[in-house]
There are 2 protein chains.
Amino acid sequence: LALIWASKMLHQSGIKSADLIRALPVYDEMRVELMAGQYLDVYEQALATQSVERAMRVARYKSAKYTIERPLHFGAQLGSVTSKNIESLNAKYSDYGLPLGEAFQLRDDVLGVFGDPIETGKPAGDDLREGKRTVLMAATIERATDSAKLKIEKLFADPDLDEDGVAILRSIIVESGALNQLEDLIESLTIAALTATRSELIDPIAQTLLHELVAVAIARRV
Amino acid sequence: LALIWASKMLHQSGIKSADLIRALPVYDEMRVELMAGQYLDVYEQALATQSVERAMRVARYKSAKYTIERPLHFGAQLGSVTSKNIESLNAKYSDYGLPLGEAFQLRDDVLGVFGDPIETGKPAGDDLREGKRTVLMAATIERATDSAKLKIEKLFADPDLDEDGVAILRSIIVESGALNQLEDLIESLTIAALTATRSELIDPIAQTLLHELVAVAIARRV
């Protein structure tokens, strides 16, 4: 129902007909990708995947495209009545939006385990209780020692996990080096996104807004 | 995914932009009603409703609006560039489409219990095994004697119901008078639909097509 209401709101938004017609294919593509991303998410969760690469692919389809890349393409279509550069502009927005969207999802993974419940609005360790198959957990499992792996098997995805259990898993994540790996990855994705904005195709005011969006998306505090 | 693909196909169908924009609100409204109808269907099934009135409401939202009324409104919008009569025309199409859509669903209920498996493509008695809360079953339960009600309780919605069980339920439906009640209802709904087409708003060729649709929708054979 919410999916239908969303498209109804778009149709009634007051966007001029010609602009709307031009932007609808992007909107459709975004929704197809989102369906694929949500399916992938459920599927990989069911497989209990432990692969960083596969968890990154879920992040790309579920978050990066839907949250950042496609909305920029959508805006480019709305504003492109006369632009001959729409394809190059869309490529730039992908170069910016995909790494930033992935960084955003990785930051969400980190906050889901280490975030302050008062700021995130979610109980501490809820991602660990739920057994969420994040890139952070995949990296941890890839790097963990055998004894750490046994502890993960015992504690991860236990719905009754208590504070002590959360603390043990957190220290395994830190000691494995996975948290550092993720922070490095967030940093390099952020640099890639920022670099992509340096283009004559994107005007200076838009560049400033895109930089502000980077700061918000990867903030350590919510 | 199919829901999104359907709207993508509509957007790419080649319908002219101005026509498409005019028809989108009908498409949205139809999809909102369908979501409501599907929800009602699951909800009433979970409540194991025994009310003819409530089963009719499900038929209206799940089938009548989606299958007949709204597609006619959609077509009216597509063809109505200059028409001042669009509201009167839509009212006519509702007067035709809602009773016909309900008759169509009632015919489906009857075929689900009494239909020839070779023609319906569904095993005989499957609606009985599934415990489908149709208008036919609601009417039967309303009219059944106490001893027949006990048999219904025992046999209806039994996934392992055999041929003999199906035969017993069929004869209860017939003897209660529910089958006749449904055939009478289908007939009066059909007459209402046919009567609505006698209007100067609808041209003779369209009237003929609408009459053919009546014949197909309520046919005793599939």
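Everything quoted here is computed from the prediction, not taken from an experiment. (Residues numbered from 1 in each chain as written. Chains lettered and ligands numbered in written order. Predicted model: local features only at pLDDT ≥ 70, side-chain atom pairs only at ≥ 80, totals over all residues. Heavy atoms only, no water.)

This part takes up the relation of the copies chain B and chain A. With an RMSD of 0.1 Å, the fit of chain B onto chain A corresponds to turning through 180° and sliding 0.1 Å along the axis. Taken together, the turn and the small shift mark the pair as related by a two-fold rotation axis. Interface residue correspondence from chain B to chain A reaches 100%, placing this contact among same-surface, isologous pairings. (Least-squares fit on C-alpha atoms with pLDDT ≥ 70 in both. Contact = heavy atoms within 4.5 Å.)

Let us now look at the confidence of the model for chain A. Residues at a pLDDT of 70 or more form 98% of chain A, whose mean pLDDT is 92. Taken together, the chains of this predicted complex give a pTM of 0.83 and an interface ipTM of 0.83. (pLDDT = per-residue confidence, 0-100.)

Right, let's talk about unusual backbone geometry for a bit. Phi at Ala157 of chain A takes a positive value of approximately 75°, unusual for a residue other than glycine. Here Ala157 of chain A is to be found in the loop between helix H8 (146-155) and helix H9 (163-175). (Helix = DSSP H or I, 4+ residues; strand = E, 2+ residues; numbered from the N terminus.)

Considering all chains together, one arrives at 4 aromatic pairs over all chains under this definition. Between Tyr39 of chain A and Tyr43 of chain A the ring centres are 5.7 Å apart and the planes differ by 15°, which places this aromatic pair in the stacked class. Here the residue Tyr39 of chain A and the residue Tyr43 of chain A both occupy positions in helix H2 (residues 17-47), the gap between them amounting to 4 residues, near one helical turn. Between the aromatic rings of Tyr27 of chain B and Phe74 of chain B, the centroid separation amounts to 6.1 Å while the plane-to-plane angle is 50°, which identifies the pairing as tilted. Note that Tyr27 of chain B is positioned in helix H2 (residues 17-47) and Phe74 of chain B in helix H3 (residues 52-78), a separation of 47 residues in sequence. Taking relative accessible area as the criterion, Tyr27 of chain B reaches 11% and is therefore assigned buried. According to the relative accessible area criterion, Phe74 of chain B is buried, its value standing at 16%. Seen from the ring of Tyr61 of chain A, Lys65 of chain A lies directly overhead, with NZ or CZ sitting 5.7 Å from the centre. (Phe/Tyr/Trp six-rings, centres within 6.5 Å; stacked < 30°, edge-to-face > 60°. Buried < 20%, exposed > 50% of the residue type's maximum accessible area, 1.4 Å probe, protein only. Lys NZ or Arg CZ within 6 Å of the ring centre and 35° of its normal.)

The subject of this paragraph is the side chain of Asn90 of chain A. Residue and element names in this part refer to chain A. Residue position: Asn90 is located in helix H4 (residues 86-114). Residue Asn90 is classed as buried on the basis of its relative accessible area of 16%. What Asn90 contacts, discounting residues up to four positions off in sequence, is His73, Ala76 and Gln77.

What follows covers the interface of chain B and chain A. Facing the 16 residues of chain B at the interface are 16 residues of chain A. Across the chain B/chain A interface, buried area totals approximately 1,600 Å², and carbon plus sulfur atoms make up 71% of it. On the surface where chain B and chain A come into contact, there are 2 salt bridges. Between Glu29 of chain A and Lys8 of chain B there is a salt bridge, and its shortest N-O distance comes to 3.0 Å. Our count for the chain B to chain A interface comes out at 6 residue pairs in polar contact (both at pLDDT 80 or more). Contributions of two or more residues to the side of chain B that touches chain A are made by helix H1 (2-11) and H2 of chain B. When residues of the side of chain B that touches chain A are assigned to their parent elements, the largest contribution, 9 residues, is made by H2 of chain B. (Buried area = accessible area lost by both parts, 1.4 Å probe. Salt bridge = Lys/Arg side-chain N within 4 Å of Asp/Glu carboxyl O. Polar contact = N/O pair within 3.5 Å; in protein donor to acceptor, adjacent residues only side chain to side chain.)

Since one α-helical turn is 3.6 residues long, residues separated by three or four positions face the same way. For H2 of chain A, which comprises 31 residues, the first-to-last C-alpha distance of 44 Å matches the rise-based estimate of 45 Å (1.5 Å per residue) to within 8%. Following H2 of chain A by one or two positions, Ala48 of chain A has its phi on the positive side, about 50°. (Expected span 1.5 Å × (residues − 1).)

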